[in-house]
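Results of the structural survey
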Amino acid sequence: MRYNNKMLWSLPALALGVGLSAQASAATLDEVQERGELRCGVNVGLSGFSSPDENGTWQGLDVETCRGIAAAVLGDPEAVSFTPLTAKERFTALQSGEIDVLSRNTTWTATRDNSLGLNFTATTFYDGQGFMVAKDLGIEGPEQFDGASICIQSGTTHELNLADYFPSRGIEIQTVTFDTPDQTAQGFASGRCDILTSDTSQLSALRLQLPEPDSVEILETLISKEPLGPVVRQGDDQWFDIVQWSIFAMVNAEELGVTSGNVDEMRDDAPNPQVARLLGVDGNYGEQLGIGNDWAYNIVKHVGNYGEVFASTVGEDSPMQISRGVNALWNEGGILYAPPVR
């Protein structure tokens with residue numbers, strides 16, 4: 001997750017990025033439809049979120065989000081190309097128009113939302129920065145980190161979080177920086193640092209890459225809020241709405257019990273007005289977005305609701321085995337919530 005204070009963006013670069021973003025001006029939907037393909041920026045490789053499988057097919061929560069948008073706009077979840085981007089490349093790729101949407105485990109912050117000519121659309125995963133350590137060290141929390149070295153990816157909010165957290169508590173640490181998550185995990189595995197820090201979701205993915213995953217543990221303590229979600233360029237409200245409501249449709253579908261397996265039945269015999277509106281039986285909510293009224297039906301039919309996607313990519317049906325936690329629906333103990341379609 002990239003941050004911007006004194007560091008990675010010069011003022012001229014910021015001005016250029018904002019200028020490029022202003023040129024978006026309500027053209028993205030037309031360009032995507034004319035091209036017949038959505039261009040989506042993703043991580044270079046993060047298990048559970050965006051990584052190619054053994055056949056070269058991209059998989060993960062962020063990837064499925066893009067497929068959902070493509071299904072809504074083009075009626076085809078496969079009408080999408082994926083551009084792998086590092087933390088340092090991601091915002092420039094979106095600002096320049098190389099991609100239409102950035103869906104790359106990116107933290108929503110004030111600086112990113114307000115000064116880069118970009119807009120965050122919705123949160124698809126509520127996360128927090130944590131720490132992974134070797135079990136045999138006997139470390140229980142950050143209060144025991146004094147004098148430790150910490151492996152960290154450069155160009156992320158994690159650097160700023162460490163600077164906020166440890167000096168104020170009188171704890172001295174040393175950081176060892178790397179350019180990519182894989183390099184960071186390799187540095188940790190080879191003993192170049194005592195501790196590995198990242199979002200807990202990323203730590204869960206990196207843990208699986210280690211030679212001995214069972215020899216390490218992720219501590220319970222979190223030192224930050226990391227709301228992750230897709231980003232678009234400013235100046236194109238219609239495209240912002242389409243991306244945002246594609247995510248909301250997946251969340252609402254889970255709440256209403258609409259799945260990829262029953263969506264046809266639900267559309268043909270809607271059990272209540274909410275389902276009828278969501279699936280395009282009643283109202284013109286797709287037309288309001290500038291796309292077909294079957295937009296949400298196409299998302300759920302081809303990609304699934306949020307719960308289905310979570311389970312298959314990072315949850316109970318995946319190697320990650322991440323619990324829903326705060327990412328559960330608001331009426332099931334979490335904080336996940338979408339505005340109603342009406």
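For clarity, every value in this text was computed on a predicted model and none was experimentally measured.

Here's the deal with the pairing of strand S11 (residues 195-199)
The buried fraction of S11 is high, at five of five residues. Relative to S11, strand S8 (residues 129-134) is paired through five bridges, and the arrangement is antiparallel. From the neighbouring strand, Met132 faces S11, where its bridge partner is Leu196. The pairing of strand S9 (residues 148-153) with S11 spans two bridges and is parallel.

A word on the packing of helix H9 (residues 237-256) against helix H14 (residues 306-313)
Where H9 meets H14, the axes come as close as 7 Å, and the angle between the chain directions of the two elements is 100°. Our classification of the angle between H9 and H14 gives roughly perpendicular. Contacts between H9 and H14 involve Met250, Val251 and Glu254 on the former and, on the latter, Tyr306, Gly307 and Val309. Broken down by class, the residue content of the contact of H9 with H14 amounts to four nonpolar, one polar and one charged.

Side note on the pattern of salt bridges
Oppositely charged side chains can pair when the atoms bearing their charge come close. In the structure shown here, the tally under the stated rule is seven salt bridges. Close ionic contact of Glu78 with Arg67 constitutes a salt bridge, the shortest N to O distance being 3.8 Å. Highlighted residues: Glu78 in the loop between helix H3 (61-74) and strand S4 (80-85) and Arg67 in helix H3, separated in sequence by eleven residues. Taking relative accessible area as the criterion, Arg67 reaches 6% and is therefore assigned buried. We note a salt bridge from Asp179 to Lys88, for which the minimum N-O separation is 3.7 Å. Placement of the pair is Asp179 in the loop between strand S10 (173-178) and helix H7 (181-189) and Lys88 in the loop between S4 and helix H4 (90-95), with a sequence separation of 91 residues. Given the relative accessible area of 42%, Lys88 is considered partly exposed.

So, the environment of Glu159
Turning to its location among the elements, Glu159 is positioned in helix H6 (residues 157-165). Glu159 gets classed as partly exposed once you look at its relative accessible area, which sits at 23%. Along the chain, Glu159 and Arg35 lie 124 residues apart, while their C-alpha atoms are 39 Å from each other. Polar side-chain contacts of Glu159 include one of 3.0 Å to the backbone nitrogen of Gly155.

Things to note about the packing of aromatic side chains
In the structure shown here, the tally under the stated rule is eleven aromatic pairs. With centroids separated by 6.0 Å and ring planes inclined at 10°, the aromatic side chains of Phe125 and Phe310 adopt a geometry described as stacked. A residue pair is termed long-range when its members are at least 10 positions apart, and Phe125 in strand S7 (residues 125-127) and Phe310 in helix H14 qualify at 185 residues. For Phe125, a relative accessible area of 3% translates into the label buried. Their ring planes at 65° and their centres at 6.1 Å tell us that Phe131 and Phe166 sit as a pair that is edge-to-face. Separated by 35 residues along the polypeptide, Phe131 in strand S8 and Phe166 in the loop between H6 and S10 bring together distant segments of the chain. Just as Phe131 is buried, Phe166 falls in that class too. What links up through ring pairs into an aromatic cluster is the set Phe49, Phe125, Tyr306 and Phe310. The cationic tip of Arg169 hangs over the ring face of Tyr165; the distance from NZ or CZ to the ring centre is 3.7 Å. The aromatic ring of Tyr297 is capped on one face by Arg267, whose charged end is 3.9 Å from the ring centroid.

Here we look at the pairing of strand S1 (residues 38-43)
Taking burial as the measure, the six residues of S1 include five buried ones, the bulk of the element. Where S1 and S4 come together, six bridges link them in parallel fashion. For Arg39, the partnering residue across the bridge sits in S4 and is Ser81. Bridge count between S1 and strand S5 (residues 101-102): two bridges; the pairing is parallel.

Focus: the domain arrangement of the protein
In terms of domain boundaries, the protein breaks down into domain 1 (27-124 + 229-327) and domain 2 (128-225). Computed from C-alpha atoms alone, the centre-to-centre distance between domain 1 and domain 2 is 30 Å. On the side of domain 2, 16 residues touch domain 1, which itself brings 16 residues to the contact. Across the domain 1/domain 2 interface, buried area totals approximately 1100 Å², and carbon plus sulfur atoms make up 59% of it. Across the contact surface, domain 1 and domain 2 share zero residue pairs in polar contact (both at pLDDT 80 or more). Taken together, the residues of the side of domain 1 that touches domain 2 sort by class into six nonpolar, six polar and four charged.

Brief notes about empty space enclosed by the protein
Counted according to the given criterion, the structure contains two cavities of 30 Å³ or more. For the largest cavity, the calculated volume is near 50 Å³. If you trace the largest cavity, you find it lined by Ile152, Gln153, His158, Pro181, Thr184, Leu196, Thr197, Ser198, Gln202 and Leu206. Among the secondary structure elements, those contributing two or more residues to the lining of the largest cavity are S9, H7, S11 and helix H8 (200-207). Looking at which element gives the most residues to the lining of the largest cavity, the answer is S11, with three residues.

Conventions used here
- The written sequence of each chain sets the order in which its residues are numbered from 1.
- A pLDDT threshold of at least 70 governs which residues receive local features in this predicted model, and a stricter bar of 80 or more applies before side-chain atom pairs are shown or counted, although totals over entire chains, interfaces and linings include all residues.
- To obtain the side-chain values, all non-hydrogen atoms of the structure were included, while hydrogens and water were left out.
- In this scheme, a residue with accessible area under 20% of its type's maximum is buried, one over 50% is exposed, and one in between is partly exposed, where area comes from a 1.4 Å probe on protein chains only.
- Numbering goes from the N terminus for both helices and strands, where a helix is a DSSP run of H or I of at least four residues and a strand is a run of E of at least two.
- Strands are treated as partners if at least two bridges between them are detected by DSSP.
- To define axes, lines are fitted to C-alpha atoms, for helices over the stretch in contact only, and angles between the resulting N-to-C directions are given on a 0 to 180 degree scale.
- Throughout this description, any angle smaller than 35 degrees is read as roughly parallel, any larger than 145 degrees as roughly antiparallel, any in the 65 to 115 degree range as roughly perpendicular, and the remainder as oblique.
- We call two residues contacting when some pair of their heavy atoms lies within 4.5 Å.
- Residues are grouped as follows: nonpolar covers Ala, Val, Leu, Ile, Met, Phe, Trp, Tyr, Cys and Pro; charged covers Asp, Glu, Lys and Arg; every other residue, Gly included, is treated as polar.
- For this document, the term salt bridge refers to a Lys or Arg side-chain nitrogen within 4 Å of an Asp or Glu carboxyl oxygen.
- In protein, a polar contact means a hydrogen-donor-capable atom and an acceptor-capable atom, both N or O and within 3.5 Å, with residues adjacent in sequence counting only if both atoms are side-chain atoms; elsewhere, any N or O pair within 3.5 Å suffices.
- Only the six-membered ring of Trp is used, alongside the rings of Phe and Tyr, when aromatic pairs are assigned; centres must lie within 6.5 Å, and planes under 30 degrees apart are stacked while those over 60 apart are edge-to-face, with the rest tilted.
- Whether a charge sits over a ring comes down to the Lys NZ or Arg CZ being within 6 Å of the ring centre and within 35 degrees of the ring normal.
- Those domain boundaries reflect an automatic or database domain assignment.
- Two parts placed together each lose some accessible area under a 1.4 Å probe, and the buried area is that loss summed for both.
- Buriedness for pockets is judged along seven lines, at least five of which must meet protein on both sides within 12 Å for an open set on the 1 Å grid over protein atoms alone, while cavities are sets there where a 1.4 Å probe fits but cannot get out, and lining residues have an atom within 4 Å of a point.
- Grid points are joined across faces, edges and corners, and a volume is the space filled by probe spheres set on the points.

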